[in-house]
Amino acid sequence: MIANVVEAGCDEAGRGPLAGSVFASAVILDPASIDRVEEFAWLNDSKQLTEKQRYALRPVIEREARAWAVVEVTAQEIDERNILQCSILGMQRALDRLTIRPQHILVDGNKWKPYIPEGEIMAVPADTVVHGDATYMSIAAASVLAKTYRDDYMMRLHEQYPQYGWDTNKGYPTAEHYAAIKKYGITPYHRKSFNLKLEGQNKVK
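About the cut-offs
- Residues numbered from 1 in each chain as written.
- Predicted model: local features only at pLDDT ≥ 70, side-chain atom pairs only at ≥ 80, totals over all residues.
- Heavy atoms only, no water.
- Helix = DSSP H or I, 4+ residues; strand = E, 2+ residues; numbered from the N terminus.
- Expected span 1.5 Å × (residues − 1).
- Buried < 20%, exposed > 50% of the residue type's maximum accessible area, 1.4 Å probe, protein only.
- Polar contact = N/O pair within 3.5 Å; in protein donor to acceptor, adjacent residues only side chain to side chain.
- Phe/Tyr/Trp six-rings, centres within 6.5 Å; stacked < 30°, edge-to-face > 60°.
- Lys NZ or Arg CZ within 6 Å of the ring centre and 35° of its normal.
- 1 Å grid on protein atoms, 1.4 Å probe; cavity = no way out; pocket = protein on both sides within 12 Å on 5 of 7 lines; lining within 4 Å.
- Points joined across faces, edges and corners; volume = space filled by probe spheres on them.
- Axes fitted to C-alpha atoms, helices over the stretch in contact; angles between N-to-C directions.
- Left-handed = near helix turned anticlockwise from the far one by under 90°.
- Contact = heavy atoms within 4.5 Å.
- Nonpolar A, V, L, I, M, F, W, Y, C, P; charged D, E, K, R; others polar.
- Core = buried A, V, L, I, M, F, W, Y, C linked by side-chain atoms within 4.5 Å.
- Salt bridge = Lys/Arg side-chain N within 4 Å of Asp/Glu carboxyl O.
- Pairing = 2+ DSSP bridges.

Peer 1: Can you walk me through helix H4 (residues 83-97) in this structure?
Peer 2: Helical periodicity: at 3.6 residues per turn, an α-helix aligns residues three or four positions apart in one direction. Over its 15 residues, H4 extends 21 Å from the first C-alpha to the last, a length consistent with the 21 Å expected when each residue adds 1.5 Å. Regarding H4, the residues found buried are Ile-83, Cys-86, Ser-87, Ile-88, Gly-90, Met-91, Gln-92, Ala-94 and Leu-95. For H4, the N-terminal capping position is held by Asn-82, with its side-chain oxygen 3.1 Å away from the main-chain nitrogen of Leu-84.

Peer 1: Got a minute to help me understand the packing of aromatic side chains in this structure?
Peer 2: Two aromatic rings, taken as a pair, are described by how far apart their centres are and by the angle between their planes. Under the defined criterion, the tally for this structure stands at seven aromatic pairs. Taken together, a centroid distance of 6.3 Å and an interplanar angle of 35° make the contact between Trp-68 and Tyr-149 tilted. Taken as a pair, Trp-68 in strand E3 (residues 67-73) and Tyr-149 in helix H5 (residues 137-160) lie far apart in primary sequence, 81 residues in all. Lying across the ring of Tyr-149, Arg-58 places its NZ or CZ 4.2 Å from the centre.

Peer 1: Please clarify how the layout of surface pockets should be interpreted in this entry.
Peer 2: Over the atoms a probe the size of a water molecule is rolled, and this reveals where empty space is left. Quantified by volume, the largest pocket comes out at close to 450 Å³. Taken together, 23 residues make up the lining of the largest pocket; nearest its centre are Asp-11, Glu-12, Arg-15, Lys-47 and Asp-108. The set of elements that each furnish at least two residues to the lining of the largest pocket consists of strand E1 (7-13), H4 and H5.

Peer 1: Explain the packing of helix H2 (residues 51-64) against H5 here, please?
Peer 2: Helix-helix packing is described using two parameters, namely the angle between the two axes and the distance between the axes. Running from N to C, H2 and H5 cross one another at 120°; their axes reach a closest spacing of 9 Å. Seen along the crossing, H2 lies across H5 with a hand that is left-handed. Contact residues: H2 offers Arg-54, Tyr-55, Leu-57, Arg-58, Ile-61 and Glu-62, while H5 offers Ala-141, Val-144, Leu-145, Lys-147, Thr-148, Tyr-149, Asp-151 and Asp-152. For the contact of H2 with H5, the per-class residue count stands at seven nonpolar, one polar and six charged.

Peer 1: Which parts of the structure should I look at to understand the nonpolar core?
Peer 2: Across soluble globular proteins, nonpolar side chains have a tendency to be buried as a group. Core analysis: the biggest nonpolar cluster contains 29 residues, and Val-27, Leu-29, Phe-40, Leu-43, Ile-61 and Trp-166 have the highest contact counts within it. Looking at this core, the elements with two or more residues in it are strand E2 (22-28), H2, H5 and helix H7 (175-184). Residues Val-6, Ala-67, Leu-98 and Tyr-115 belong to the second largest nonpolar core, which totals 19 residues.

Peer 1: Help me out: how do you make sense of the pattern of salt bridges in this one?
Peer 2: Two side chains bearing opposite charge may form a pair once their charged atoms approach each other closely. Scanning the model with the defined rule gives five salt bridges in all. Residue Glu-120 pairs with Arg-101 through a salt bridge whose shortest N-O separation is 2.8 Å. Separated by 19 residues along the polypeptide, Glu-120 in the loop between strand E4 (104-108) and strand E5 (126-129) and Arg-101 in the loop between H4 and E4 bring together distant segments of the chain. Here Glu-120 falls in the partly exposed class, since its relative accessible area comes to 42%. The class of Arg-101 is partly exposed, set by a relative accessible area of 43%. Of the charged contacts in the structure, one is a salt bridge between Asp-151 and Lys-147, with a shortest N-O distance of 3.2 Å. Taken together, the residues Asp-151 and Lys-147, both in helix H5 and four residues apart, mark about one turn of the helix. Exposure class is identical for Asp-151 and Lys-147. Each is buried.

Peer 1: Sorry if this is basic, but what is going on with the sheet that holds E2 here?
Peer 2: Within a sheet, neighbouring strands are paired by backbone hydrogen bonds and run either parallel or antiparallel to one another. Taken together, the five strands give an open sheet; going across it, the order is E3-E2-E1-E4-E5, and neighbouring strands pair in mixed fashion. A single partner strand is all that each edge strand has here, and the edge strands are E3 and E5. Each neighbouring strand pair of the sheet contributes to a mean axis angle of 20°, computed without reference to strand direction. Pairing of E4 with E5, which is carried by four bridges, proceeds in the parallel orientation.

Honestly, that's just the spatial picture; any functional story needs more than this.
Structure follows, in structure tokens:
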């Protein structure tokens, strides 16, 4: 964190699944809240937290952050653009939705494209950080929001397509998921550009 600079952390959830959207988040934390709010001591890479911890942190982040946003990039867009481009696009869309314009951006990972806010001519300075969600609290907060919103979304899809086990695998390429694709075919939410092992399979309406 750079002192006296409005800094946004960005992360995404859902790059690896065979189905469903990727969700991206941007968060500007309030430095005063970081020391004051007990729950922020848990902040870490969302994958290192329990589900209970993630969902307990989400309302705290939403209440205490100076600004936050979560956006969805659909499976159709992923097929059209590729998952890396959509991950970056999602994070930049989340930045667009912040009510405060950041002066610096921290991005989880090692890939980024210059982000130029509407009406500006210069890109906002940004740093990519491998495992940034375990290093910077703002990225960790974005990780928690992206993960929990995506999990909620996959639970809603599970109600429509329970045969794929999305309530547990969240669309990731598990043996159960591949077996369901082989038996039932694919849905409109599957990423056709991914390796779905589709030989001879049909599409579920």
